[in-house]
Amino acid sequence: MGRAIAAALVALAAVTGCTVQPSDGDGKRRSPVHIELPSGTPSPARTPTGGGSPSAAPAPPDDGKPSAAAAPPRVLWSRGATGRDVRELQARLRQVAWLFEGPTGTYGEQTERAVSGFQGKRGLPRTGRTDTVTWQRLLGMTREPGRWDLYLMGGQPADPPDRRCTTGRVLCIDKTSRTLRWMIDGRTVSTMAVRFGSQGTPTREGVFSVYWKSRDHVSTLYDSPMPYAMFFSGGQAVHYSADFAARGYAGASHGCVNVRDEAAIAELYAQVRNGDKVVVSW
């Protein structure tokens, strides 16, 4: 009887396309493990709840948190910045031969280009902006600049005037701050950076007066131009120096008081008269 029933089930499976687990030797029937549908019926597609193709895995849940990308380094100075820190940046760039002007204290096109070149040479992003990574790299390659590195091309503040400059018309020249004040009755009319003679040819100190002016003077001793010369002690004069304009305090005069700002000394020359006082002090 049992064999007849099993044979009937096999025949039914052949008709309906079902695969039936055959009975074990003990005569007990087992549940089917797979059901095949007729060949003409398509399989139902499974669509993930998040959309996409049937075979795509469900998208991970969005927790709203930003991705863990590294934050860019903080920018310290960029184009348009001014001040003492910018002077130090420029002085250090000069030390590694990436900048040849200034320091000016103003982060302009030349400084931006120098920073970009320095960054590119060291595999950093060439932004032209000085960030913390760029600054640390530059610090490691340079020394602390001194005062006259920071003011190599002038721009330094003047010290208070000597007390002998507070009356009359005076060219008040200070060797400590390397400045010249043009003063009238204790009022400062203009201030400009100056440089002096070397150790071998020092600029004399004391109280003098302008005794001769020569607009297009040329030194007979050194065969060098001395435009806007205002002589106050022998062959020593206040005058414009193209060398000072080009090299700054990297050079020195033969004893004269050099001015690097040609427009400033041209205006000064027009105002100063023979007989005006000159004070040179430390």
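The preceding data block contains the structure.
Every value quoted in this text rests on a predicted model; they were computed, and no experiment measured them.

## Considerations on the nonpolar core
Stage number 1. By size, the foremost hydrophobic cluster in this structure holds 22 residues, and its most contacted members are Leu171, Ile173, Leu180, Met230, Val238, Leu268 and Val278.
Stage number 2. Secondary-structure elements contributing two or more residues to this core are β3 (169–174), β4 (179–184), β5 (187–195), β8 (225–233), β9 (236–240), β10 (257–259), α7 (262–271) and β11 (277–281).
Stage number 3. The contact partners of Leu171, leaving out residues within four places of it in the chain, are Leu180, Arg181, Trp182, Val210, Val238, Leu268, Val272, Lys277, Val278 and Val279.

## Observations regarding the sheet that holds strand β7 (residues 212–218)
Stage number 1. Spatially, nine strands are ordered β6-β11-β3-β4-β5-β10-β9-β8-β7 in an open sheet, and the strand pairing comes out mixed. A single partner strand is all that each edge strand has here, and the edge strands are β6 (206–209) and β7. Averaged over all neighbouring strand pairs, the angle between strand axes comes to 30°, with direction disregarded.
Stage number 2. The pairing of β3 with β4 spans six bridges and is antiparallel.

## Remarks on unusual backbone geometry
Stage number 1. Note that the residue after Gly102, namely Pro103, is joined by a cis bond; omega there is 5°.
Stage number 2. A positive phi is found at Asp223, a non-glycine position, where the angle reads about 50°.
Stage number 3. Residues other than glycine seldom take positive phi values, yet Tyr228 does so here, at roughly 60°.
Stage number 4. Owing to a relative accessible area of 9%, Tyr228 belongs among the buried residues under this scheme.

## What to know about the pattern of salt bridges
Stage number 1. A complete count under the given rule lists twelve salt bridges for this structure.
Stage number 2. A salt bridge links Arg92 to Glu144; its shortest N-O distance comes to 3.1 Å. One end of the pair, Arg92, is in helix α2 (residues 84–95); the other, Glu144, is in the loop between α4 (132–141) and α5 (147–150), and 52 residues separate them in sequence.
Stage number 3. With a closest N to O distance of 2.6 Å, Arg215 and Asp216 form a salt bridge.
Stage number 4. What you see here is one network of salt bridges that share partners, running through Arg84, Glu88, Arg92 and Glu144.

## What to know about α4
Stage number 1. Within the sequence span of α4, burial applies to Thr134, Trp135 and Leu138. Burial along α4 is one-sided: seen end-on, the buried residues are contained in an arc of 95°. Opposite its buried face, α4 presents the exposed residues Gln136 and Gly140, each directed more than 90 degrees away.
Stage number 2. Two to three positions downstream of the cap, the backbone nitrogen of Val133 sits 3.1 Å from a side-chain oxygen, assigning the N-cap of α4 to Asp131.

## Some thoughts on the packing of aromatic side chains
Stage number 1. Taken as a whole and judged by the stated rule, the model has seven aromatic pairs.
Stage number 2. Their ring planes at 50° and their centres at 6.3 Å tell us that Tyr211 and Phe231 sit as a pair that is tilted. With a gap of 20 residues between them, Tyr211 in the loop between β6 and β7 and Phe231 in strand β8 connect regions that are remote in the sequence.
Stage number 3. The partly exposed category is assigned to Tyr211, whose relative accessible area is 43%.
Stage number 4. Every member of this aromatic cluster is reached through a ring pair, and the members are Trp148, Phe244 and Tyr249.
Stage number 5. For the cation-ring pair, Arg178 lies above Trp148, with the distance from its terminal atom to the ring centre recorded as 4.1 Å.

## Regarding the state of the cysteines
Stage number 1. Taken as a whole and judged by the stated rule, the model has one disulfide.
Stage number 2. Here Cys165 connects covalently by a disulfide to Cys172, the sulfurs 2.1 Å from one another. Note on the Cys165 and Cys172 pair: the S-S dihedral is about 80°, so by sign convention the disulfide is right-handed. Comparing Cys165 with Cys172, the two get one shared label, buried.

## Looking at the pairing of β5
Stage number 1. Of the pairings in the sheet, the one linking β4 to β5 comprises six bridges and is antiparallel in character. Residue pairing for β5: Met183 is matched across the bridge by Thr188.
Stage number 2. Where β4 folds back onto β5 in an antiparallel hairpin, the turn is made up of two residues, including Asp185, whose phi is positive at roughly 50°.
Stage number 3. One ladder, built from two bridges, connects β5 with β10; its direction is antiparallel. When the sheet's bridge partners are listed, Val194 is paired in β10 with Val259.

## Re the side chain of Asp131
Stage number 1. Tracing the chain through its elements places Asp131 in strand β2 (residues 130–131).
Stage number 2. The buried charged residue Asp131 lacks any salt bridge, with Arg129 as its nearest oppositely charged partner at 6.9 Å.
Stage number 3. Within the local environment of Asp131, its side chain forms a polar contact with the backbone nitrogen of Thr134, the two atoms lying 2.8 Å apart.

Scoring rules and cut-offs
Every chain is numbered on its own, with residues counted from 1 as its sequence reads. Only residues with pLDDT of 70 or above have their local features reported here, since the model is predicted, and side-chain atom pairs are shown and tallied only from 80 upward, although totals for entire chains, interfaces and linings are computed over all residues. Only hydrogens and water are removed before side-chain values are computed, so all heavy atoms of the structure are retained for them. Among the buried residues, those of types Ala, Val, Leu, Ile, Met, Phe, Trp, Tyr and Cys that are joined through side-chain atoms within 4.5 Å form a nonpolar core. Only protein chains enter the accessibility calculation, which uses a 1.4 Å probe. A residue is then buried if its area is under 20% of the maximum for its type, exposed if over 50%, and partly exposed in between. Only DSSP runs of H or I covering at least 4 residues are called helices, and only runs of E covering at least 2 are called strands; the numbering of each starts at the N terminus. Working rule for contacts: check all heavy atoms of both residues, and any pair within 4.5 Å makes them a contact. Between any two strands, at least two bridges found by DSSP are needed for them to pair. Only the stretch in contact is used when fitting a helix axis, every axis being a line fitted to C-alpha atoms; angles between N-to-C directions are given from 0 to 180 degrees. Any Lys or Arg side-chain nitrogen located within 4 Å of an Asp or Glu carboxyl oxygen qualifies as a salt bridge. When we speak of the arc, we mean the arc of directions from the helix axis to the C-beta atoms. For the purposes of these results, a polar contact is taken to be a pair of N or O atoms within 3.5 Å, where, inside protein, one atom must be able to donate a hydrogen and its partner to accept one; residues adjacent in sequence count only when each atom of the pair is a side-chain atom. Pairing of aromatic rings covers Phe, Tyr and Trp, the last counted by its six-membered ring, and requires centre-to-centre distances within 6.5 Å; plane angles under 30 degrees mean stacked, over 60 mean edge-to-face, and any other angle means tilted. Note on geometry: a ring has a charge over it if NZ (lysine) or CZ (arginine) is within 6 Å of the ring centre and within 35 degrees of the ring normal. In plain terms, two cysteine sulfur atoms within 2.5 Å form what is called a disulfide here. Note that His is not counted, nor are the chain ends; the positive residues are Lys and Arg, and the negative ones are Asp and Glu.

In short, the description is geometric, and any link to function would need to be established separately.
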